[in-house]
Amino acid sequence: MSALTFHWFLPTNGDSRDVVGGGHGSPATTSGRDRAPTVAYLGQIARAAEDVGFTGALTPTGAWCEDAWLTTAMVSRHTERLKFLVAFRPGFISPTLAAQMASTFQRQTGGRLLLNVVTGGESREQRAYGDFLDKDARYRRTDEFLSVVRRLWDGRSVDLDGEHVRVEDARLTRLPDPVPQVYFGGSSPAALEVAARHVDVYLTWGEPPAQVAEKIARVRELAAREGRTLRFGIRLHVITRDTSAQAWAEADRLLAGFDPDTVRAVQEGLARSESEGQRRMLALHGGARDGLEIHPNLWAGIGLVRGGAGTALVGGHEEVAERIEEYAALGIEEFVLSGYPHLEEAYWFGEGVLPRLAARGLWRHPAGAPVPSPSPVVRAAPATRAAVAG
């Protein structure tokens, strides 16, 4: 098993000691105002992630957060090594401009750009940006878009008169070095087809291992038909502490802060989502506050108030390391993680879990920095999870 790669998250919609909701048509919750997503604060998170050993940091896209391109360009000045997994929607800019922007970003940051292509799952939000295609048409456009971008990065001149993308004699005067890795998520059949043809890393949200294994097998099969192989990643939140009891107590505290009216409103909004991935997230908890531990140490509580990724790894450091190894055994090589608040949780994971993974031979610091030995396992009475797990 090769060394695993870990990415953190830049909360460009605001941060808090409580869960910040939003995404997929649901508005950001008031807790997002607790810590504003200033460049100074996001820079703190980025530096913490860099120091403890994360390779990159994901920035989201959408009306509920700050623009990812602009924010990461500014935050990059506060870091030296950290890469930025910039989420963007291909329907909003031309493929030639996107390829040029990526090339510029690479030169100005020393090759620290990763691209997370987000086709866009909600027609209502897409229309607010002037995009009136339906979901299937958006995926066909993404297919054409990535075809153009890939060819431009190869140094070719591109002509395409497609269904949704038309370019003539498109070319780049300066190529990106290195070519950015392309990440992509989506659970619908159309999404899987696009992933198989174009992307480097297929991302899934944090479903139980059996469901993740099924999805990996399907994408591998589709990619093989295209003569390609992909890497696989997973998007999860994390709550890790010195003991399991402490971690579940934190999950319990977060759950206690979910206002029932807010949960109801968010769930009603997310139920209207066109995203297949969002539908699968909702099915994990059904809007209920009990039975939320859907697999050992996998908690679906975040999805009660947040769109998109809605599950968290919860447990003592050793337990979280075990769950990561379980996903790695399925073929997951990259983990995109987050936690509330993101500054503190970066240290909890970086100081508690990463050394344990290093001791198992599953991770090494991307800068080659020495990794401290894991602290001894703290033995404690089993956690009482009546509130969080049902």
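Thresholds applied
Residues numbered from 1 in each chain as written. Predicted model: local features only at pLDDT ≥ 70, side-chain atom pairs only at ≥ 80, totals over all residues. Heavy atoms only, no water. Salt bridge = Lys/Arg side-chain N within 4 Å of Asp/Glu carboxyl O. Helix = DSSP H or I, 4+ residues; strand = E, 2+ residues; numbered from the N terminus. Buried < 20%, exposed > 50% of the residue type's maximum accessible area, 1.4 Å probe, protein only. 1 Å grid on protein atoms, 1.4 Å probe; cavity = no way out; pocket = protein on both sides within 12 Å on 5 of 7 lines; lining within 4 Å. Points joined across faces, edges and corners; volume = space filled by probe spheres on them. Core = buried A, V, L, I, M, F, W, Y, C linked by side-chain atoms within 4.5 Å. Contact = heavy atoms within 4.5 Å. Pairing = 2+ DSSP bridges.

Draft legend 1. Molecular detail of the pattern of salt bridges. The full count for this structure, using the stated rule, is 26 salt bridges. Here Glu326 ties to Arg323 by a salt bridge, and the two come within 2.8 Å at their closest N and O atoms. Separated by three residues within a single helix, Glu326 and Arg323 lie in helix α11 (residues 317–330), roughly one turn from each other. Glu326 gets classed as partly exposed once you look at its relative accessible area, which sits at 25%. Because the salt bridges share partners, they merge into one network encompassing Asp143, Glu193, Arg197 and Glu226.

Draft legend 2. A look at empty space enclosed by the protein. The tally for this structure, following the rule as stated, stands at three cavities of 30 Å³ or more. A volume near 740 Å³ is recorded for the largest cavity. Lining the largest cavity are 41 residues; nearest its centre among them are His24, Asn116, Val118, Trp205 and Gly308. At the level of secondary structure, the elements contributing two or more residues to the lining of the largest cavity comprise β2 (56–59), β4 (113–117), α4 (123–128), α5 (135–153), β8 (201–205) and α10 (276–285). In terms of residues, the lining of the largest cavity owes the most to one element, β8, which gives four residues.

Draft legend 3. Just the nonpolar core, in detail. Ranked by internal contacts, the top residues of the largest apolar core, which has 76 residues, are Phe6, Phe54, Ile324, Tyr327, Phe335, Phe349 and Leu357. For Leu357, the residues in contact, after removing those within four places along its chain, are Phe6, Ala321, Ile324, Leu362 and Trp363. Grouped together as the second largest cluster of nonpolar side chains are 21 residues, Val20, Ala247, Leu255 and Leu292 included.

Draft legend 4. Representation of the pairing of strand β9 (residues 231–241) in the model. Across the eleven residues of β9, ten count as buried, placing the element largely inside the fold. By the bridge criterion, five bridges tie β8 to β9 in an arrangement that is parallel. Note that in β9 the partner of Tyr202 across the bridge is Phe232. Pairing between β9 and strand β13 (residues 332–338): six bridges, direction parallel. Bridge pairing in β13 places Gly233 opposite Glu334. By the bridge criterion, five bridges tie β9 to strand β12 (residues 312–316) in an arrangement that is parallel. Counted as the bridge partner of Ile239 is Val314 from β12.

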